[in-house]
Amino acid sequence: MESAGEADYAPPAAVRTLPSWLLGQAARRAHDLVADAFAHEGIGRQHYAVLASLAESGPASQADLGRRLWLDRSDAHAFVSALEQSGLIQRTADPDDQRRKVVTITVDGTRTLKRLRRKIQYAQDQILAPLDTREREQLIALLARIGRN
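Let me begin by describing the structure that accompanies this report. Keep in mind that this is a model prediction, so the values were computed, not measured.

## Description of the layout of surface pockets
- The space that makes up the largest pocket amounts to roughly 590 Å³.
- Taken together, 21 residues form the lining of the largest pocket, with Ala26, Ala27, Ala30, Ile127 and Leu143 sitting closest to its centre.
- At the level of elements, α2 (19-38), α3 (45-57), α6 (107-127) and α7 (133-148) are the ones that each hand at least two residues to the lining of the largest pocket.
- With 10 residues, the top contributor of residues to the lining of the largest pocket is α2.
- Across the lining of the largest pocket, the residue classes tally to 15 nonpolar, 3 polar and 3 charged.

Quick look at the structure:
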């Protein structure tokens, strides 16, 4: 879907051939597809990351969750609060430290996460549609290698 002025967007070849520009374009397209997939859920990518982290790694304090996901303290609080208000996670007092709250995914959160995983998989399939299976595997391996450096 083109936005206003996008049809006129024509960067020079010196820009269009830069790996950093190409990665940025691919990331923009991927971001848009994932945002569209989640739009009807009222959830963003970071909310998904919080739910997925709790499902994979188990309960955590809000601070630990923020560190796991490289979220600023205030952003982590905002995401956790929104998910709690939606009934997808719950915060309870840590039995060992009453000042600390432990964040846990709820049954509704687990159901929502399953639905979101289907939606995000569909978005991934759209992103990678031009590639065959071998090319997809190569791209994922190469991106992982670049991301580690």
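## Some remarks on the packing of aromatic side chains
- What the rule picks out here adds up to 1 aromatic pair.
- When the centroid spacing of 5.5 Å and the interplanar angle of 40° are considered together, the rings of Phe38 and Tyr48 count as tilted. Highlighted residues: Phe38 in helix α2 and Tyr48 in helix α3, separated in sequence by 10 residues.
- Look at Phe38 and you get buried, because its relative accessible area is 1%.
- Accessibility expressed as a relative area gives 15% for Tyr48, which makes it buried.

About the thresholds
Residues numbered from 1 in each chain as written. Predicted model: local features only at pLDDT ≥ 70, side-chain atom pairs only at ≥ 80, totals over all residues. Heavy atoms only, no water. 1 Å grid on protein atoms, 1.4 Å probe; cavity = no way out; pocket = protein on both sides within 12 Å on 5 of 7 lines; lining within 4 Å. Points joined across faces, edges and corners; volume = space filled by probe spheres on them. Helix = DSSP H or I, 4+ residues; strand = E, 2+ residues; numbered from the N terminus. Nonpolar A, V, L, I, M, F, W, Y, C, P; charged D, E, K, R; others polar. Phe/Tyr/Trp six-rings, centres within 6.5 Å; stacked < 30°, edge-to-face > 60°. Buried < 20%, exposed > 50% of the residue type's maximum accessible area, 1.4 Å probe, protein only.

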